[in-house]
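# Overview (structure and organization)
Take a look at the letters that make up each chain.
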Amino acid sequence: MPKFRSELLHIILVAMPLLALASPAVAAPFGDRPFGLVISDLANLDFNAGYDAVQAKALAGDASAMYRLGCYHCSSALSTATPPAVQADGLAWLRKAGQAGDGRGFITLGSYYACGWQGYPHDDQAALAAFKAAASLKYPAGSALAGYMAEHGQGMTADPALALAWYQEAAERGNALAMGCLAAMFEDGRGTAPDPAKAAKLYEQALQDPRWGTEAASRLGMLYARGIGGKRDVVKALALLEPLRGNREAALQAGLIYDRGEGIPRDAVRAASFYYESMDLPLAKLGLARLYAKGEAVEHSPKEALRLAKEAADAGLVEAQALAGELLGGATDAVKGFQMLAYAQARGDRSAGPLRLALQQRMPAEQLAVAASEVAETLEMHPPEGVKETPAYGPDGKVERPAWFGYALLAAQAGNSKAMLRLARAYNYMPGYPSDMAQAGKWSLLAYRSGNKEAADTLALAYQARPIADALPELTALAEGGNARAQGILGYAFCHGNMGVELNRPTAFRWSYMAAKGGDGTGALTAASLALNGKDVPKDPARARECYEIAATHGVSHAMYFLGQLAETPADAYAYFAMGADSDQMCLKAATDLRPKLDPAQLVQSRARVAGFLAKYGGVPSPSGKMVPMKVQI
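Residues numbered from 1 in each chain as written. Predicted model: local features only at pLDDT ≥ 70, side-chain atom pairs only at ≥ 80, totals over all residues. Heavy atoms only, no water.

### Some points on the overall build of the protein
- Looking only at helices and strands, one finds 34 helices and four strands in the protein.
- Here the protein holds 634 residues, and the buried ones make up 51% of them.
- Counted over contacts in the protein with a minimum sequence separation of 6, partners at least 24 positions apart contribute 52%.
- With the model as given, the accessible surface of the protein reaches about 28900 Å², and the carbon-plus-sulfur share is 53%. (Helix = DSSP H or I, 4+ residues; strand = E, 2+ residues; numbered from the N terminus. Buried < 20%, exposed > 50% of the residue type's maximum accessible area, 1.4 Å probe, protein only. Contact = heavy atoms within 4.5 Å. Areas by Shrake-Rupley, 256 points an atom, 1.4 Å probe, with all protein chains shown as cover.)

Right under this line is the structure:
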């Protein structure tokens, strides 16, 4: 049988499959290799003994030999997948070792299950069970790894409180991984109240372990930089962070300390040096971008500053978005600069607002109209996540509309017809805000006069309940072009003479009948009333009935009452009254009064009339102006 390999190779073979265990969604506080490093101290095998001797001891019940034999079988094929038979044999010996009292067997077994490396079965629940078994044998690494799985939701639902308990048990027995993970939980307040002082103490203990010293120093240094108990100590922070060459997060924090000069003299040269070490981190790019923009410690290069700021902004850093906007606005692209500053302001950057306002005051009206309109559209359609919008304020200081509305107003005032229409629609209807049809009419009229034909429907809707004199040429043009809503509004206005035009019933009937034929319920109701009463227009009950039916089928419930009045038989009258009874009190009273007077045959006729109406139009009118299922039974 083959001899055992060197100790170093064996450690690599055992540790390598465990390096992939950390959850990709939530990184371990000390990087992504807790299992691989923790088990490296479990591979202290007797490599002077041959395979046969180890196997003999294992067969004789020696738990340590069982563990060594299991490790050998599991790691026997590094370059190719381990054959299933050898694989199963290795896992079996590891389990036997654990059952015989050597908790290292359970820990290594669980690690292989958690990794699923080299063809081994991936089973988080089996891994968790193995780690718990090791913990029950008082192996602190078992408690630490069980805590890790509880924290990251592997093999169970994530449970920070349980993870905290496992970590505490392992840390009390001197496990450095548990100390680090526990410190991170106290630092972040996961599973417990935040306690930076406890976190710092645990990080200091973990510093003594050569495997975790670098990570512990980095975390502790950043904790000192942020402050423990409200007190920052940048001197201690730098003493821990500066020696950690190659650690990106540590280098970034050191760069920020030197750049800000809080607690120590500012040193842009050292700041730049540390930023270069952590160049792939957004904050480092932002720091360097600011130095390039000012020409501090590096050559003055707005171009390089803009490149770095854009890269940091693309990574989601709002401060970088503000800097990129400032640089663009001061260079060649004021529109893009305005937009980036506006988006940064909407996302909560306080510096972006004054910068945007200063840029806005320098921009020509044409540029401002384009820039503000696009900002309004973007913020309305895609409001920033996680940040409460900065509202627009009215003259009385009260919140009027959300942030995008202010940009639409700015663009509209600068002459952008698209923004004018956006305002008109918002004033007409915006959930959570009151409607203002006067403003809706004003902006829709301005948009239409600016050539925005999409404003036609909003214009007609806005002038439905207000004087139309100022928009009469536009509404007339819309009506002549076939807009049924505009036709209905003109018909109503000329019928009553109270919307800024003089009473003219023939003109009213002409427009309202055209509106009825076009499907406008309001116009249909006006035309029906004029045809029924016969004032200044020919009296025509048949046409009145036609228009009332159009009004009814477009949601005007009161039209059902007049259809009942015009019905030729009591059965038909009752059918119309009954269909309008859901939403019209006059229909309800008329139906209630008429029903006792109908015989069974007439009720059958009424039901047939109702069934025909429902089959044709799909429902009865409602107060909402929509056709809905009928509730009344006849």
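Read on, since the account is not over.
### Focus on the packing of helix H19 (residues 334-346) against helix H21 (residues 365-381)
- Axis separation between H19 and H21 bottoms out at 9 Å; the angle between their running directions is 35°. Considering the relative orientation of H19 and H21, their crossing is right-handed. Of H21, the residues touching H19 (which contributes Ala334, Val335, Phe338, Gln339, Ala342, Tyr343 and Ala346) are Gln367, Leu368, Val370, Ala371, Ala372, Glu374, Val375, Thr378 and Leu379.
- A per-class count over the contact of H19 with H21 returns 12 nonpolar, three polar and one charged. (Axes fitted to C-alpha atoms, helices over the stretch in contact; angles between N-to-C directions. Left-handed = near helix turned anticlockwise from the far one by under 90°. Nonpolar A, V, L, I, M, F, W, Y, C, P; charged D, E, K, R; others polar.)

### Topic: the nonpolar core
- Within the largest apolar cluster, 105 residues are counted, with the highest numbers of intra-cluster contacts made by Tyr167, Ile257 and Tyr275.
- The leading source of residues in this core is helix H10 (residues 176-188), at 10 residues.
- Setting aside residues up to four positions removed in sequence, tyrosine 167 forms contacts with Ala144, Gly147, Tyr148, Glu151, Ala178, Cys181, Leu182 and Met185.
- One finds Phe338, Leu341, Trp511 and Ile634 within the second-largest nonpolar core, a separate group that totals 99 residues. (Core = buried A, V, L, I, M, F, W, Y, C linked by side-chain atoms within 4.5 Å.)

### Things to note about the confidence of the model for the protein
- When the pLDDT values of the protein are averaged, the result is 85; 87% of them are 70 or greater.
- Model confidence for the protein, summarised as mean pLDDT per element, is weakest for helix H1 (residues 7-15) at 28 and strongest for helix H16 (residues 282-294) at 97.
- Scored below 50 in pLDDT, residues 1-28 makes 68 contacts in the model with residues more than four places away or belonging to other chains. (pLDDT = per-residue confidence, 0-100.)

### As for the packing of aromatic side chains
- In total, this model carries 10 aromatic pairs according to the counting rule given.
- Centre to centre, the rings of tryptophan 404 and phenylalanine 405 are 5.9 Å apart; their planes meet at 65°, and the pair counts as edge-to-face. Grouping residues by exposure puts tryptophan 404 and phenylalanine 405 together as buried.
- Arranged with centres 5.8 Å apart and planes meeting at 35°, the rings of tyrosine 561 and phenylalanine 577 form a pair that is tilted. Of this pair, tyrosine 561 sits in helix H31 (residues 559-566) while phenylalanine 577 sits in helix H32 (residues 570-580), and the two are 16 residues apart along the sequence. Like tyrosine 561, the residue phenylalanine 577 is buried in the burial classification. (Phe/Tyr/Trp six-rings, centres within 6.5 Å; stacked < 30°, edge-to-face > 60°.)

### Brief notes about the pattern of salt bridges
- Within this structure, the stated rule accounts for 25 salt bridges.
- For the salt bridge of aspartate 280 with arginine 248, the shortest nitrogen-to-oxygen distance reads 2.5 Å. Of the two residues, aspartate 280 is situated in the loop between helix H15 (268-277) and H16 and arginine 248 in helix H14 (residues 248-260); the sequence distance between them amounts to 32 residues.
- Aspartate 280 sits in the partly exposed class, given a relative accessible area of 46%.
- Under the relative-accessibility criterion, arginine 248 is labelled partly exposed at 34%.
- Salt-bridge contacts for arginine 270 lead to aspartate 267; the nearest nitrogen and oxygen are separated by 3.8 Å.
- In this structure aspartate 267 comes out as partly exposed when scored by relative accessible area, which is 25%.
- Connected through shared salt-bridge partners, Lys285, Glu304, Arg307 and Glu311 make up one network. (Salt bridge = Lys/Arg side-chain N within 4 Å of Asp/Glu carboxyl O.)

### Observations regarding the environment of glutamate 277
- Looking at where glutamate 277 falls in the secondary structure, it is placed in helix H15.
- Placed 25 residues apart in sequence, glutamate 277 and leucine 252 show a C-alpha to C-alpha distance of 7.6 Å.
- In contact with glutamate 277, other than residues within four places in its own chain, are Arg245, Gly246, Arg248 and Ala251.

### Some words on the environment of alanine 312
- On the secondary structure map, alanine 312 appears in helix H17 (residues 302-314).
- Using a relative accessible area of 0% as the deciding quantity, one classes alanine 312 as buried.
- In this structure the C-alpha to C-alpha distance between alanine 312 and alanine 284, which are 28 residues apart in sequence, comes to 8.4 Å.
- For alanine 312, the residues in contact, after removing those within four places along its chain, are Pro282, Lys285, Leu286, Leu317 and Ala320.

### Quick notes on the packing of H16 against helix H18 (residues 318-329)
- Running from amino to carboxyl end, H16 crosses H18 at an angle of 25°, the nearest separation of the two axes being 10 Å. Accordingly, the angle class assigned to the pair H16 and H18 is roughly parallel. In the crossing of H16 with H18, the sense of the turn from one axis to the other is left-handed. Contact with H16, carried on its side by Leu286, Ala289, Arg290 and Ala293, involves Glu319, Ala320, Leu323 and Leu327 of H18 and no other residues of that element. (Parallel < 35°, antiparallel > 145°, perpendicular 65-115°, else oblique.)

### Some details on helix H30 (residues 541-553)
- Under the 1.5 Å per step criterion, the end-to-end length of H30 is 18 Å for 13 residues, consistent within 8% with the ideal 18 Å.
- Buried within H30 we find Ala544, Cys547, Tyr548, Ile550, Ala551, Ala552 and Thr553.
- Here the buried face of H30 lies against helix H28 (505-517), helix H29 (521-533), H31, helix H34 (600-617), strand E3 (620-621) and strand E4 (627-628).
- One or two positions beyond H30, positive phi appears at glycine 555, with a value near 90°. (Expected span 1.5 Å × (residues − 1).)

### Topic: helix H13 (residues 234-241)
- Val234, Ala237, Leu238, Leu240 and Leu241 are the residues of H13 that are buried. The arc that holds the buried residues of H13, viewed along the axis, is 165°, so those residues lie on one side. Of the residues in H13, the exposed ones pointing more than 90 degrees away from the buried face are Val235 and Ala239. (Arc of directions from axis to C-beta.)

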